[in-house]
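# Observations on chain architecture
In case you want the letters, here they are:
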Amino acid sequence: MLLYRLKQLATSLHFVINIGDEGAILTLFQNKKLAKRLYAATANDYDVKQFRKLIELHPKASISVLIDNTDQSYLRQKIPPVNRVFLPRLIRKRMRRDVEPEDFAGAIRLGRSKQGRKDWNYVFVSVPHRPPVSEWMAFLDEFENPIHGYFLLPVELANICNHYVKTTKKQRPVQHHWKLMVVHNKISGLRQVVLDKNKIIFTRVTNTTQEDIPEVVAGEIEHELINTIDYIKRITGDDHTEVSIVMSLESSIMHHINLPRLQCKDIHMLTPYQMAEHLKIENACKETDKFCDTLVAAHFAHYAHSDKIHTKKTQRFNQLLFAHKAALLTTIITTVYLVLHVIYNSLSMYTLHEDINYTQQQQEQITATWQSESKALGGYDIGTATQINNIANVYRILSSNAFSPLNSIAQLIPVLSQNMKVNHIYWTLTDPVKKGRGKQKKAEPMVNLTIELTLFNNESGIQNIFSNFDQFIVELESSFKEYTVKYSQLPSTFTFNDENKSIPIKINITGPNTP
Amino acid sequence: MNYDTLKKQTQIRGAIALVAVILTVGVSVYISHMQSTTQTRLYRERNQTIQQQTKLQRLLQQKKEFAESIKLWKQLSGDSKSLSGLKIDESKDVLRRLENTYKLSNTSIIITPPEELYDIYKNDTTVVVSSKVTYAFETITDEIAFAFINELPKKLPGYIKIVSLKMERHGELNNDTITQLYEGTPVGLVRTHLVFHWRDIKNIAEEAELTNDTDAL
């Protein structure tokens, strides 16, 4: 059971229903391959019994509707050269004028005029909301299956024609830009689509009454094609307009078409099966198939879809469907985001709590160290210990008395001799630390000692004065090794009368000198 | 699917999406708040750890110095421990006693108002206050002056740093001066002019009781 459900989830199922005046064909595509096809002549309960059964079997499969009825209007319109942004609004406005709100409407862009004011060229398509289309819409409303959209079968045929032109380019190229695609459908009849430069211009459908007689059908086709070619020539205003014809018909009908009667040189004729093979759509048709309905449906399911057409109701339905999907997407995205957000943040919170725990452990260790270390302070708390340290530091600074005048005097006294008498001492200390805020320039204190003394002769003779003075200076310099010693010289001349006189000497000592 | 069914389903899905969005926003805001609170707590804890580490470092530093400091502290006299700054009134009596002891004459003293010093003289708990003192006196001999200068720092409360000393002999010991001494008249033969910074430590720490060790953390 689980395997079956998984298989179902992995399988893409898609219904395409072709609706025409002569009934409807329901095709089921499994992974883009035709799985089932059913025909119903009308939308009444008896005819759609098989349809209902098949759709109810696959309630999740989306349904696309290809409308192939007679009541289709294709009208060429020129839109003023406005900015591309404003085009949809202008188109809607123009359509509202021409189409009833309950009718299907759409616009196919043909491109822009290369001359004049460069108008936008569009084909406005519309389908009236009336039976059989309205009946089939009511039928489809009964199911839970999502409606993918309503499309026009001729537009899809134009896509097939363009696809054929593209794929046959190398083998046998389609020569003219006016092209006529002709197919024979069970639900509508003979469908012609006229393209100019790969864009649909108009379409026609003819009910083939005697479909079992190939000669008759071929004759009808010849007649219709000649009329269409004439019409093309009329609208182009050129009798020599060449048209390429691409036909997908049953082989028996093809054999009975009188090609020279069409007066057309570029004709491509393929059976529905050959066309499916050429377009590489597997299982789209059987070799015996007479009609192209399933081929168009298969091409639609296989390749890119044409532009949707809408009534006001389907437009609203489509918008609601968009909201329906957006709500689901929002739920999924927010839920995924929420889950990831919660996981990421849970991990982040876990890391944060781990960090907090680690930090708290560190704090506990520090507290333990603090308690053990603070015991070494001998009962004093840290504040008191800090204060004692501070006081001790300041005390050491204040009590250091390296530069006392008594020290200098103590150094001087041993040097002085008996015949010397100190009259004047002047000692100063230049302290580099000054009062006031801010950083002070680091400098050593400087001592300046000035001594004025008198040297007496003492009756020892002049010769001794010189030798005593020299001896004194040597001892003084020895005592004040780290200082600069300057002194006044003895008088330059002596007389014998000066023997008992005193000689004044001035000494200046500064330092200590920094190394 | 018809319009009404789709509308009902869309409404349910829309409501679920709205709840999911509200829940996501709510949870996101709550988680962001929780994360912000936890982050702040972590920063606070880390900050506290850094502060504790700094204090511990200070403690370890204090511990190193403390062994020496406590010895010094215990040696300090009661007066030194009072940390009340310069004791000017007390110093007057000290000087008077010294003047009498050393027979100082013609004394004059000028003291500047105490000022607080900065840099190495100031810390969290104490500051050094300083006054500049200019003291002039006369003595009979220079030896007496030196003896006085030597004694001054020991007797004067606080600490002194001499910045200038000027001594000048302006007379000789003779019969007149000896007679004057016998008569008890002060005799000054050596004039001394002493300039010094008189300093003492002042406590600036708040008087609040210091906390115990663990609370300090």
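Quick look at the structure, then. These figures come from a predicted structure and were not determined experimentally. (Residues numbered from 1 in each chain as written. Chains lettered and ligands numbered in written order. Predicted model: local features only at pLDDT ≥ 70, side-chain atom pairs only at ≥ 80, totals over all residues. Heavy atoms only, no water.)

### Thoughts on the interface of chain B and chain A
Inclusion rule: The contact rule is simple, with two residues in contact once any of their heavy atoms fall within 4.5 Å. A 1.4 Å probe defines the accessible area here, and the buried area is the portion of it lost by two parts on being joined, summed over both. Salt bridges are defined by distance alone: a side-chain nitrogen of Lys or Arg within 4 Å of a carboxyl oxygen of Asp or Glu. Only DSSP runs of H or I covering at least 4 residues are called helices, and only runs of E covering at least 2 are called strands; the numbering of each starts at the N terminus.
Every contact between the two is made by 82 residues of chain B and, on the other side, 82 residues of chain A. Counting each side, the surface lost to burial between chain B and chain A is near 8100 Å², with a carbon and sulfur contribution of 66%. Across the chain B-chain A interface, the total number found is 2 salt bridges. The salt bridge involving Glu373 of chain A is made with Lys63 of chain B; its shortest N-O contact spans 2.6 Å. Put simply, the parts of the chain that give the side of chain B that touches chain A at least two residues each are helix 1 (3–75), strand 3 (126–139), helix 4 (142–155), strand 4 (159–169), strand 5 (190–203) and helix 6 (213–216) of chain B. When residues of the side of chain B that touches chain A are assigned to their parent elements, the largest contribution, 43 residues, is made by helix 1 of chain B.

### Looking at the pattern of salt bridges
Two side chains bearing opposite charge may form a pair once their charged atoms approach each other closely. Residues and elements named next belong to chain A. To be explicit about the condition: Throughout, exposure labels follow a simple rule: accessible area from a 1.4 Å probe, protein chains only, divided by the maximum for the residue type, with under 20% read as buried, over 50% as exposed, and the rest as partly exposed.
All chains considered together, the criterion is met by 16 salt bridges over all chains. Here Arg117 and Asp119 are joined by a salt bridge, their closest N and O atoms 2.7 Å apart. Relative accessible area serves as the criterion here: at 54%, Arg117 is assigned to the exposed category. A relative accessible area of 9% means that Asp119 is categorised as buried. Among the charged side chains, a salt-bridge network with shared partners connects Asp45, Arg52 and Glu142.

### Remarks on the sheet that holds strand 11 (residues 199–206) of chain A
Residue and element names in this part refer to chain A. Put simply, the test is: DSSP-based pairing: two strands are paired if at least 2 bridges between them are found. Where helices are involved, their axes are fitted lines through C-alpha atoms of the stretch in contact, as for all axes, and angles between N-to-C directions lie from 0 to 180°.
Read across the open sheet, the 5 strands follow the order 11-10-9-12-13; overall the sheet is mixed. Each edge of the open sheet carries a strand with a single partner, namely strand 11 and strand 13 (267–270). Direction aside, the axes of adjacent strands within the sheet are offset by 15 degrees on average. Direction of pairing for strand 9 (residues 178–185) relative to strand 10 (residues 189–196): antiparallel, over a ladder of 8 bridges. Following the sheet pairing, Lys179 is matched in strand 10 by Leu195. Here helix 5 (residues 153–167) sits on the sheet in contact with strand 9, strand 10, strand 11, strand 12 (243–248) and strand 13, set at roughly 60 degrees to strand 10.

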